[in-house]
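# A structural walkthrough
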Amino acid sequence: MSGLFGHRAIVIGAGIGGLSIAGALAKYFEQVEVFERDRLTASAASRSGTPQDRHPHGLLAGGLRALGEIFPGFESDLAGAGAVSVRIAQDIQYERPDVGILPKRDFGLSLLCASRPLIELVLRRRAEAVANIALRPECRVTGIVPAGRGALVHGIRFVAGSGRSETLEADLVVDASGRGSLTLTLLDALGWERPAETEIGVDLSYATVVVPVPPNAPPDWKLVLTQPDPPFLALHAVLVPTEDNRWIIAIADHHATFRLETWESFLETSRSLTTPTVYNALRCAEPPDGIRHYRFPASIWKHFERLPRLPRGVLPVADALCRFNPIHGQGMSVAAKQARLLQDVSRRAAAEPDRIAALQTGFMAEVASVLETPWNMSTSADLAFPATRGERPETFEEARQFEAAVFRAAVADPVIHRATMEVAQLLQPQSLLHEPEIMRRIEAEPAKAAA
């Protein structure tokens, strides 16, 4: 008992972030209670709290590894539930307008592809199997309650099935609710400064279909990523295999003026992509039951990590801290990596006299290292479109030219290709691409081509 941080930790939100955070905290509190406003089913099903879960999701290799380190055996459970194993980059059709299709190379790395509801279900089952983690569905948290006027959190206020407002004490409240509004409201109530925000306005719209994998599916890939060609062509496409032998395909467009409402219009638009890969794969597919739509206005990083301090006992995480453009497939993995960071920080904080404060301070001191690589990669791609709202760094054009040089070199050099995949899969930081040996190889490629 002497190693515990307190009696109760409350996690608000039973999404990927909340469930993985609960697993990371279970060793350090007598009880970890996860509050979720939605009803949670015993099968893989969409829910209103994750309106984008009917669209493609990616659990990148870095996120998969993080979840396996929090819940040992998670990978095998997900595979056993029907997730499709995809080798990096042997099974991936990665298409860029400047270099074409990247070579198929097997780097001994893999990811597991499945629908968002299935990934969440498997993770929820793992969390429920931990004796001191309790899930409380259909409980809507309405506020984080401060202790008097002091800089201390008392607990939460919530509404359950009875409709009556109740209060529950906690030593730590983790805000994984999605928008961070609960933590912001707490800061307002205390008269504290709100965090600065960085916003990149992408105004993205995408249409998604789910179809059975056709009998004549190409044998040389399982997953397709077709990149746009800014500023000339704003269309992306993502084709992901899921459980039950299906493909889920999204076509995304920046600043779209119309929606793809029919299968015929979806197919016709797929012909406008930078390659015919997706169109050729779908033209013989069985038509879907319908087309789903989703709009995403902006990526937002709320810089809680820059605040001088947080009220003792509250911690914003996952989308409450930083929300990514979902077309890049980073959100779930970044949430899992934040939970893995919290697990490490908690282990170190156990040696401190004020463990809760040490946990908060340690997490906020290091969380930017988890966010920077995916944020830089996704926002750089989005800012390449002139209509994207947001401040471009002074070195923006240089960074874009460097990225193009990296991919040109990756076509010929497997070492560079592997490095790009490890960074994209959040297994390595973006700084890997600037290490001396990688830089030497990138610079050597133009000389080889000229020779």
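Heads up: the structure comes first, above all this text.
These notes cover the structure that comes with them.

Reading the values: rules and limits
- Residues numbered from 1 in each chain as written.
- Predicted model: local features only at pLDDT ≥ 70, side-chain atom pairs only at ≥ 80, totals over all residues.
- Heavy atoms only, no water.
- Salt bridge = Lys/Arg side-chain N within 4 Å of Asp/Glu carboxyl O.
- Buried < 20%, exposed > 50% of the residue type's maximum accessible area, 1.4 Å probe, protein only.
- Helix = DSSP H or I, 4+ residues; strand = E, 2+ residues; numbered from the N terminus.
- Pairing = 2+ DSSP bridges.
- Contact = heavy atoms within 4.5 Å.
- Polar contact = N/O pair within 3.5 Å; in protein donor to acceptor, adjacent residues only side chain to side chain.
- Axes fitted to C-alpha atoms, helices over the stretch in contact; angles between N-to-C directions.
- Parallel < 35°, antiparallel > 145°, perpendicular 65-115°, else oblique.
- Left-handed = near helix turned anticlockwise from the far one by under 90°.
- Core = buried A, V, L, I, M, F, W, Y, C linked by side-chain atoms within 4.5 Å.
- 1 Å grid on protein atoms, 1.4 Å probe; cavity = no way out; pocket = protein on both sides within 12 Å on 5 of 7 lines; lining within 4 Å.
- Points joined across faces, edges and corners; volume = space filled by probe spheres on them.
- Nonpolar A, V, L, I, M, F, W, Y, C, P; charged D, E, K, R; others polar.
- Phe/Tyr/Trp six-rings, centres within 6.5 Å; stacked < 30°, edge-to-face > 60°.
- Lys NZ or Arg CZ within 6 Å of the ring centre and 35° of its normal.

### What about the pattern of salt bridges?
Under the counting rule described, the total for this entry stands at 29 salt bridges. Of the charged contacts in the structure, one is a salt bridge between Glu261 and Arg259, with a shortest N-O distance of 3.1 Å. By relative accessible area, Glu261 is classed as partly exposed at 48%. Close ionic contact of Arg312 with Asp354 constitutes a salt bridge, the shortest N to O distance being 2.7 Å. Separated by 42 residues along the polypeptide, Arg312 in the loop between strand S16 (292-302) and strand S17 (314-316) and Asp354 in the loop between helix H8 (331-349) and helix H9 (355-383) bring together distant segments of the chain. Take Arg312: its relative accessible area is 30%, and that puts it in the partly exposed class. Overlapping salt bridges, with partners in common, bring together Glu36, Asp38, Arg47, Arg116, Glu120 and Arg124 in one network.

### Describing the pairing of strand S7 (residues 133-136)
Here S7 shows a clear split, with Ile133 and Leu135 buried on one side and none of Ala134 and Arg136 buried on the other. Where strand S2 (residues 29-35) lies against S7, four bridges are found, and the strand directions are parallel. Along S7, the bridge assignment pairs Phe35 with Arg136.

### With respect to the environment of Asn132
Along the polypeptide, Asn132 turns up in the loop between helix H4 (116-128) and S7. Residues Asn132 and Gly23, spaced 109 residues apart in sequence, show a C-alpha to C-alpha distance of 9.8 Å. Apart from residues lying up to four places away in sequence, Asn132 is in contact with Ala26, Phe29, Glu30, Gln31 and Val32. A polar contact is formed between the side chain of Asn132 and the backbone oxygen of Phe29, at a distance of 2.9 Å. There is a polar contact of 3.4 Å between the side chain of Asn132 and the backbone oxygen of Glu30.

### Thoughts on the packing of helix H2 (residues 61-70) against H8
At a closest axis distance of 8 Å, the pairing of H2 and H8 adopts a crossing angle of 40 degrees. By the angle between their directions, the pair H2 and H8 is classed as oblique. At the point where H2 passes H8, the crossing takes the left-handed sense. Here Gly62, Gly63, Ala66, Leu67, Glu69 and Ile70 of H2 lie close against H8, whose contacting residues are Ser333, Ala336, Lys337, Ala339, Arg340 and Gln343.

### Some words on the sheet that holds strand S8 (residues 140-146)
One open sheet holds the three strands; their spatial order is S8-S9-S10, and the pairing between them is antiparallel. Looking along the sheet, the strands with just one partner apiece sit at the ends: S8 and strand S10 (165-169). Going from strand to strand, the sheet's axes swing by 25 degrees on average, the running direction of each strand aside. In this structure, strand S9 (residues 153-159) lies alongside S10, joined through five bridges in antiparallel fashion. Opposite Phe158, over in S10, you have Glu166 as the bridge partner. Packed on one face of the sheet, helix H5 (residues 181-190) meets S8 and S9 and runs near 35 degrees to S8.

### Structural notes on the nonpolar core
With 115 residues, the main nonpolar core has Leu25, Phe29, Phe74, Leu78, Ile156 and Phe363 as its most contacted residues. Ranked by residues supplied to this core, first place goes to H9 with ten residues. Those residues in contact with Phe29 that sit more than four places away from it in its chain are Leu4, Phe5, Gly6, His7, Arg8, Ala9, Asn132, Asp171, Leu172 and Ile356.

### Here we look at empty space enclosed by the protein
Counted by the stated rule, this structure contains one cavity of 30 Å³ or more. In this structure, the largest cavity occupies an estimated 30 Å³ of space. Around the largest cavity, the lining residues are Ala89, Ile92, Tyr94, Leu102, Pro103, His417 and Met421. Those elements that provide at least two residues to the lining of the largest cavity are strand S4 (92-96) and helix H11 (414-424).

### Looking at the layout of surface pockets
The calculated volume of the second largest pocket comes to roughly 940 Å³. Contributing to the lining of the second largest pocket are 42 residues, with Gly49, Thr50, Ser177, Gly178 and Asp319 lying nearest its centre. Breaking the lining of the second largest pocket down by element, the ones donating at least two residues are helix H1 (16-25), S8, H5, S16 and H8. In the lining of the second largest pocket, the residues fall into 18 nonpolar, 16 polar and eight charged.

### Remarks on the packing of aromatic side chains
The geometry of an aromatic ring pair comes down to the distance between the two centres and the angle between the two planes. Tallied over the full model, the rule gives nine aromatic pairs. Among the aromatic side chains, those forming a connected cluster through ring pairs are Phe5, Tyr28 and Phe29. If you follow Arg271 out to its NZ or CZ, it ends over the ring of Tyr279, 4.9 Å from the centre.

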